[in-house]
Amino acid sequence: MDEEQRTILTSVEKVAVEASPFDVLYPPAEKIPTIVVESFPALGKLAAMRFLEWVQHHPEGVISLPTGKSPEHFIRWVQRLLGDWDSPGTQKILEQAGIDGTIKPVMSGLHFVQIDEFYPLDSAQQNSFNHYVKHFYIDGFGLDPDKALLIDSSAIGLRPNETLANVWPDNHVDLTLRYRPSRTNLEHRQKKLLEDIDQWCMEYEQRIRRLGGIGFFLGGIGPDGHIGFNIKGSDHNSTTRLCPTNYETQAAAAGDLGGIEMARECLVITIGLRTITRKPECTAIVIAAGQAKAHLTAQAIQADDHINTPASCLQNLPHARFYITQGAAAELAGRQVEILKRASAITDADVEKALTALAARRNKRLVDLTDDDCLGDPLASTVLQRRPESLDALARMVRDQLVTKIENGLRVYKNKRFLHTEPHHDDVMLGYFAQVVRHFRRMTNEHHFVTLTSGFTAVTNAFMRSQLADLRRFLDTEEFQELIAQGYFAQNNVIDRNRDVWQYLDGVAGQSEYDKADGCARRLLRNLIELFGDDLLPNVDQKIAELESYLEAAYPGKKDPEHIQKLKGMSREWEAECLWGYYGWQCQNVRHLRLGFYTGDIFTKEPTLDQDVPPIVAELERIDPDMITVAFDPEASGPDTHYKVMQALAEAIRLHLKTHDKTDLKIWGYRNVWFRFDPSEANVFAPVTLAMFSIMHDAFVNSFITQKAASFPSPEHDGPFSQLAQRIQVEQYRKIKTCLGREWFHNHPSALIRATRGFVFLREMSPEQFFTSCRELRQSIENR
């Protein structure tokens, strides 16, 4: 296929490319046309516009749309435009996007193909993709259910009155039964069902072919590069099938399925890569947001056709596209060179980014780089062409910048009031724990910690059942009865709330599981009284039984009722109080805002000016901080709560500064296991020693007991987040050590630098610098 054929754009795409700083294709490296937009919401808007444009021309076409969190803004925009098509405001938006507003798309004529589904998962569950498709697409878009090909795991191959639990009692599907004889009556039934599923998959594929194949495909890209559930290594000629997944996919699905324990057992039914590409005229679009997806996106767009890159199968489709954000384009070399060429000037940060990356790839010190090294690197060679200095001068400049950033990390502020904010209860620890602890040691500093969401989705039903069982064990003891009689559990009893923490930490220090369980039981009873009132105590056994009954019956991944959400969230709040209790900070210094936008829905709501900003403003008024820390994720690279919390914080800080003259206010932007800074983006490199790594891991596993089993892990690491945080900080140190040379560290006069084995990267900003990185909350509300 020639380049001209691949770059024929539709009206919507022409408008998008004109608004973008990039062309649609940079050959020969790029093999799939790509349109870059500014932000995550803009990505959804573009996908929605292109979809509606396609439907206008194919009113009876075959569509296949994604599930999960990626299509959040796509769904919102389609529903908004269809629901208000004829209004002047919508007509203006359509015209600006390149759509003919006189032709309203007719959705009822479309045929829908479900991409994938977990197996064995009851399709009636709210966390099934079948339920998602019916809610957001069939009902939400007004599609005809009779024209939808859906994957109903709870119906395929089952006999009347038979359930998935009857056939797969432990949720484990043994695919070896495809190839070996059955040994028991149950295995005989399972073998027959597997045959029926395989037959159904073949017939599903045939039904798609009879429709003429998929005409419009929209999908995200998974942590291993998967499209649909076609994981890394999938045959590009694959068709609809029942198959296993890999760890990366399981980790990404853990949140939907209620934990990695469930995800490990789940198989998937997925359409194949050939299912997607069979129709030559198929419009196949992959969307990706944020710098965390940059490597996967670059690989998919630039790689040769290979099974290790599932999206490379799209290269032969003339209408295949990637729609991505600027952060997701960060590793597309041709586009980064274009940015440098168009820039009015090459900044020192541009030089640093290019040369540190080159030094790391060449495994050389900055000052040892040669002109030949740079000639083979597009970014470095462009930098050299546009800066008047020699390579030697630029390399020494970058070296000095790195040293300055390390010196910034050695600096410890004094007489400062810190407000450490985090979307989730372990974000500060995983982001910059060493730097927090270093500032604890300056006695003139005051520290406050505020978690903005409840975090209940990270607590499993199994964990809560175990905690309730421990509470039962302690309730009837003489010690607990005395505490109850003394009013220990009275609401608003701040002194004894702190005693819960001290009791637990005494158990940590004494390596006593009993004392730790005692502390946990005290706090759980206190939480139950806060939830259900002082009248709970006479009937506490009955209430515990009710909770145990719910937690036993609820399927993993189910959206819990509000009181269960609160109870789970309180478990996470308890963990944060224990963590900072390690260093003597009391519960009064650890606040939990439980912002209302965090609801446990598949799409977290946008924070609002009326509901979510005022509680943050109140904390700013109460503390009046000199230093504020923020999980810095302006493009939704990590969990979407990070991105949305940052927007709410920015608005709250704006309002606070209107009434407070804080000319010296500083903001630390941090990132953690979900998203990282390039060295050129950070200006503080805080050293981390082996001793600090040991403290961090010990404190994590003892404080964050809901996370000890790593039920909701990162796709990058099968284990506790503290281990991943250490790995990231070590990788950051090794990159800087390569750039500066090991001698710089080994011969340094500071023992701290000689002991350094990791770096925390931070970006210290003024409020104005922070605001420029944030999309205004009002704008996000208007664009919903």
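Details of the structure are given in the entry above.
These numbers come from a predicted model, not from an experiment.

**Q** What's the story with the overall build of the protein chain in this structure? I'm lost.
**A** Helix and strand counts for the protein chain come out as 32 helices and 17 strands. At 28 Å, the protein chain has a C-alpha radius of gyration in line with the 28 Å of a compact globule built from 784 residues. Across its three principal axes, the protein chain shows a C-alpha extent of roughly 80 × 75 × 60 Å. Contacts in the protein chain between residues far apart in sequence, at least 24 positions, make up 79% of those at least 6 positions apart. In the form shown here, the protein chain has an accessible surface area of approximately 31,100 Å², with 49% of it arising from carbon and sulfur atoms. Side-chain charges of the protein chain comprise 88 positive and 106 negative groups, with the mean position of each set lying 3 Å from the other.

**Q** Teacher, can you tell me more about the environment of Met 202 here?
**A** Looking at where Met 202 falls in the secondary structure, it is placed in helix H8 (residues 185-210). Sequence separation of Met 202 and Gly 109 is 93 residues, and the distance between their C-alpha atoms is 25 Å.

**Q** Looking at this model, I keep getting lost on the packing of aromatic side chains. Mind explaining?
**A** The description of two aromatic rings rests on the distance between their centres and on the angle between their planes. Tallying each qualifying case throughout the model produces 45 aromatic pairs. Measuring from centroid to centroid gives 5.9 Å for Phe 685 and Phe 759, while their planes differ by 50°, and the two rings are tilted. Of this pair, Phe 685 sits in strand E16 (residues 684-689) while Phe 759 sits in strand E17 (residues 756-765); the two residues are 74 residues apart in sequence, bridging distant segments of the chain. Just as Phe 685 is buried, Phe 759 falls in that class too. Through successive ring pairs, a cluster of aromatic residues spans Phe 51, Trp 54, Phe 74, Phe 112, Tyr 132, Phe 136, Tyr 137, Phe 141, Phe 216 and Phe 603.

**Q** Quick question: what am I supposed to make of the nonpolar core here?
**A** As a rule of thumb, soluble globular proteins bury nonpolar side chains together. With 58 residues, the main nonpolar core has Leu 355, Leu 366, Ile 616, Ile 736 and Phe 770 as its most contacted residues. Ranked by residues supplied to this core, first place goes to helix H17 (residues 391-410) with eight residues.

**Q** Teacher, can you tell me more about the sheet that holds strand E2 (residues 62-64) here?
**A** Hydrogen bonding along the main chain pairs the strands of a sheet, whether they run parallel or antiparallel. Taken together, the seven strands give an open sheet; going across it, the order is E1-E10-E9-E6-E2-E3-E5, and neighbouring strands pair in parallel fashion. Bordering the open sheet on either side are strand E1 (34-37) and strand E5 (148-149), each of which pairs with just one other strand. The pairing of E2 with strand E3 (residues 111-113) spans two bridges and is parallel. Residue pairing across strands places Val 62 opposite His 111, the latter belonging to E3.

**Q** Could you clarify how one ought to interpret the sheet that holds strand E14 (residues 627-631) in this entry?
**A** Read from one edge to the other, the open sheet built from seven strands follows the order E13-E12-E11-E14-E15-E17-E16, with strand pairing classed as mixed. Looking at the sheet topology across the chains shown, the edges are occupied by strand E13 (590-592) and E16. Direction aside, neighbouring strands of the sheet carry axes that sit 25° apart on average. Summarising the sheet, strand E15 (residues 666-670) and E17 pair through four bridges and their orientation is antiparallel. When the bridges of E17 are listed, Ile 667 appears paired with Met 765. Lying over the sheet, helix H27 (residues 690-703) contacts E16 and E17, oriented at roughly 80° with respect to E16. Where helix H28 (residues 721-740) meets the sheet, its contacts fall on E16 and E17, and the angle it forms with E17 comes to roughly 90°.

**Q** Could you clarify how one ought to interpret the pairing of strand E8 (residues 267-270) in this entry?
**A** Here is the key point about a regular strand: its side chains alternate between the two faces of the sheet. Burial of the side chains of E8 extends over both faces: Leu 267 and Ile 269 are buried on one face and Val 268 and Thr 270 on the other. One ladder, built from four bridges, connects strand E4 (residues 116-119) with E8; its direction is antiparallel. Along E8, the bridge assignment pairs Phe 118 with Val 268.

**Q** Quick question: what am I supposed to make of the packing of helix H14 (residues 348-362) against H28 here?
**A** When two helices pack together, you describe them by how their axes are tilted relative to each other and by the distance separating the axes. Contact geometry for H14 and H28: axes closest at 9 Å, N-to-C directions at 90°. Judged on the interaxial angle alone, H28 and H14 are roughly perpendicular. In this structure, H14 contributes Thr 356, Ala 357, Ala 359 and Ala 360 to the contact, and H28 contributes Lys 735, Thr 738 and Cys 739. Of the residues in the contact of H14 with H28, the class split is four nonpolar, two polar and one charged.

About the cut-offs
Residues numbered from 1 in each chain as written. Predicted model: local features only at pLDDT ≥ 70, side-chain atom pairs only at ≥ 80, totals over all residues. Heavy atoms only, no water. Helix = DSSP H or I, 4+ residues; strand = E, 2+ residues; numbered from the N terminus. Rg over C-alpha atoms; globule rule 2.2 N^0.38 Å. Contact = heavy atoms within 4.5 Å. Areas by Shrake-Rupley, 256 points an atom, 1.4 Å probe, with all protein chains shown as cover. Lys, Arg positive; Asp, Glu negative; His and termini not counted. Charge placed at Lys NZ, Arg CZ, Asp CG, Glu CD. Phe/Tyr/Trp six-rings, centres within 6.5 Å; stacked < 30°, edge-to-face > 60°. Buried < 20%, exposed > 50% of the residue type's maximum accessible area, 1.4 Å probe, protein only. Core = buried A, V, L, I, M, F, W, Y, C linked by side-chain atoms within 4.5 Å. Pairing = 2+ DSSP bridges. Axes fitted to C-alpha atoms, helices over the stretch in contact; angles between N-to-C directions. Parallel < 35°, antiparallel > 145°, perpendicular 65-115°, else oblique. Nonpolar A, V, L, I, M, F, W, Y, C, P; charged D, E, K, R; others polar.

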